[in-house]
Amino acid sequence: MNLRLSNDFWLDMFRQIVSNPNYGTLPPTGKCIVVEYCSPNTNKPLHLGHVRNMLLGWSVAAILAAAGNEVHKVLIYNDRGIHICKTMAAWLAVGKGDTPESTGKKGDFLVGEYYIKFAELHAQQKQNLIEGGMSADEAEQATPIFKAAQELLRQWEANDPKTRQLWEMMNAWVYPGHNETYAKLGVDFEKRYYESETYLGGKQMVESGLAKGVFYRKENGAVAIDLSAEKLDEKILVRGDGTTIYITQDLAAADMRYNDYQMDTSIYVVGDEQNYHFKVLKAIMQHLGYPFADQIYHLSYGMIDLPTGRMKSREGTVVDADDMIAEVIATAQAHTEALGKTEGFTPEASQNLYRIVGLGALKFHLLKINPQKRIIFNPEESIDFLGHTGPFVQNCHARIQSVVRKYKAEHQLDGTIQLNPTDLHPAERNLFVQLYRYVPALQVAAQTYDPAAIADYAYQLAKLYNHFYAECPILSNKDPQLNHFRTVLSLTVARLLRQSMGLLGIELPDRM
RNA sequence: GGUCCCAUAGCUUAAUGGAUAGAGCAACUGCCUUCUAAGCAGUAGGUUACUGGUUCGACCCCAGUUGGGAUCACCA
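Attention here is on the structure that accompanies the text. Everything numeric in this text was worked out from a predicted model, so none of it was measured. (Residues numbered from 1 in each chain as written. Chains lettered and ligands numbered in written order. Predicted model: local features only at pLDDT ≥ 70, side-chain atom pairs only at ≥ 80, totals over all residues. Heavy atoms only, no water.)

Let us now look at the packing of helix α2 (residues 48–66) against helix α17 (residues 438–448). It is the contact of α2 with α17, at a shortest axis distance of 9 Å, that shows an interaxial angle of 125°. By the angle between their directions, the pair α2 and α17 is classed as oblique. Crossing handedness for the pair α2 and α17: left-handed. Side by side, α2 and α17 meet where I63, L64 and A66 of the first sit next to L442, A445 and A446 of the second. For the contact of α2 with α17, the class distribution of residues is six nonpolar, no polar and no charged. (Axes fitted to C-alpha atoms, helices over the stretch in contact; angles between N-to-C directions. Helix = DSSP H or I, 4+ residues; strand = E, 2+ residues; numbered from the N terminus. Parallel < 35°, antiparallel > 145°, perpendicular 65-115°, else oblique. Left-handed = near helix turned anticlockwise from the far one by under 90°. Contact = heavy atoms within 4.5 Å. Nonpolar A, V, L, I, M, F, W, Y, C, P; charged D, E, K, R; others polar.)

Next up, the structure:
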């Protein structure tokens, strides 16, 4: 009796899901959320750490939007500063006028080469100075290449036209390179901020903070705030010489963002090495009385390390995003060909499948893990395509589409379900329950800013479907109503698979 | 030294304070003459780092210990 009532309930629930094309989209909350993710420097290509950052940020934005929020995705470019000037100095020293056009190299990679070149030149020159009798500390600041970089920074800040021109030229090489990587990964930004446009704005905020008595001036003219009540100590906001520092620029950027969006919540997807920085940022914004300050949220994620330790771009030990993407697509191709899955595919369709499966594997691999956990990436070991993976879910979708194609070749699908609840198979009932759990899963993911909750949902759904698929014939029952019902069930599972995996930025192929 | 994060099976991991801690990989056994085997079914593998505490009940909350990581610039 219990079972029967229960089956009635679930069958009714299923009918509602089938007849509601908007199932899984939550009603508007009226809240405006800005998500900043990926804050690259313009002196090198994007690497695997950025990939985690971008996938996480993009996915959280998608989840929040599905949960009924107005979401704006933004990016900030660290396009100025000593790191850029180092690259410029190296290019002036040994670049021989090379450009992406003249070398045929992708712009961000070409610029990145000079960042490494700078480190090499600096190390050499430092060694020479030390051999000449200078102390290591002194030599660190005294190499000709370092001095050239410092001079470029001074000239940049003084608006020297030639320096600005060089800077703009090299940055202009980087942006198309990064854009290509964003496109490959399928991430996008509504608005791009540039530090070169925000870094001066902090001074006004400092003035108003001083006027409000939130900040105070030290003996040497530096401006500070006392955050010892928050266990964050005293923070300097402006140096004794009147120049601003990193935190001040971020305050200015936050202020500018508020002017642009008047958001209720501001999310920063940034690595956990900056936990302290964002605590300070939030505390200062609270002291300054910004309405959204309490809703500043640092979505902190763990670094991706190599088995040998941290990736260091200066030492050339980084895994470049482009290489990673290319490799995972190549691996997808090898697996797919070994399984003979692309018979009858056009070359274009095959390439597209490799791309979808490769990226699916990569994205699922990075998003299924709780963001705060650090990931050790071993380049020797390729990413899995079996078991708890993106391709597992993709394959489930493809086999559903295959069954549905066969049904549609012979019959009409009208979506009506005629089934006696007592005839419900346990595997079918389990699928009903999992379909119903989509909304709670989405709510949890939105509340905790955690795509892993969605990845787990999609995996569970695919796993339950595969069990059903093995247990229950879909097309070969004597009862045509049963065939129809199981096809509708399959279609609905496919829909929720697409919906959930879509929140992770993962496409699902119709054949694989 | 101060602050913060992490620790679950050999490996990677899951679990609003509530049922026998759930998966995947690796290992072993079965299943393609019916819908896609990137799959399914099964075997084996756990003192949830350690010690206490709170609770009717703790992987989960609290305190301490150990191990790993991050951070604490008038750097970014």
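Now for the protein's contact with RNA strand B. Near RNA strand B you find 49 residues, and of these N220, R239, K341, R399 and S402 are the closest. Here RNA strand B approaches the protein such that, of its atoms within 4 Å, sugar and phosphate make up 67%. One of the side-chain N or O atoms of Q372 is found 3.3 Å from a phosphate oxygen in RNA strand B. Backbone polar atom of H388 to a sugar or linking oxygen of RNA strand B: 3.1 Å apart, as the coordinates give it. Residue assignment for the surface near RNA strand B shows that the elements contributing at least two residues are α12 (275–287), α13 (321–338), α15 (390–410) and α18 (452–471). Here the surface near RNA strand B takes eight residues from α15, the largest share from any one element. Tallied by class, the residues present in the surface near RNA strand B amount to 21 nonpolar, 13 polar and 15 charged. (Near = heavy atom within 4 Å. Polar contact = N/O pair within 3.5 Å; in protein donor to acceptor, adjacent residues only side chain to side chain.)

Reading across from one edge, β4-β5-β6 is the order of the three strands in this open sheet, with antiparallel pairing throughout. Both edges of this open sheet fall to β4 (216–217) and β6 (234–238), since each of them pairs with a single strand only. Pairing of strand β5 (residues 223–226) with β6, which is carried by four bridges, proceeds in the antiparallel orientation. Each residue of the ladder has a partner; that of V223, found in β6, is V238. (Pairing = 2+ DSSP bridges.)

Turning to the pairing of β5, a few remarks are in order. For a regular strand, the rule is simple: side chains alternate between the two faces of the sheet. Bridging between β4 and β5 involves two bridges; their strand directions are antiparallel. Counted as the bridge partner of R217 is V223 from β5. Hairpin remark: β4 followed by β5, antiparallel, with five residues in the connecting loop; positive phi at G221, about 95°.

Before going further, it helps to examine the pairing of strand β7 (residues 265–271). The element β7 is extensively covered by neighbouring structure, given that seven of its seven residues are classed as buried. Covered by surrounding structure in β7 are T265, I267, V269 and G271 together with S266, Y268 and V270, the residues of both alternating faces. Alignment of strand β1 (residues 32–37) against β7, held across five bridges, turns out to be parallel. If you follow E36 over to β7, its bridge partner there is Y268. By the bridge criterion, six bridges tie β7 to strand β8 (residues 296–301) in an arrangement that is parallel. Counted as the bridge partner of I267 is Y297 from β8. This β-α-β element, β7 to α12 to β8, shows right-handed connectivity. (Buried < 20%, exposed > 50% of the residue type's maximum accessible area, 1.4 Å probe, protein only. Right-handed = clockwise from strand over helix to strand, strands pointing away.)

Under the defined criterion, the tally for this structure stands at zero disulfides. The cysteine C396 is free of any disulfide, with C472 supplying the nearest cysteine sulfur at 14 Å. Exposure remark for C396: the relative accessible area of 0% places this residue in the buried category. (Disulfide = S-S within 2.5 Å.)

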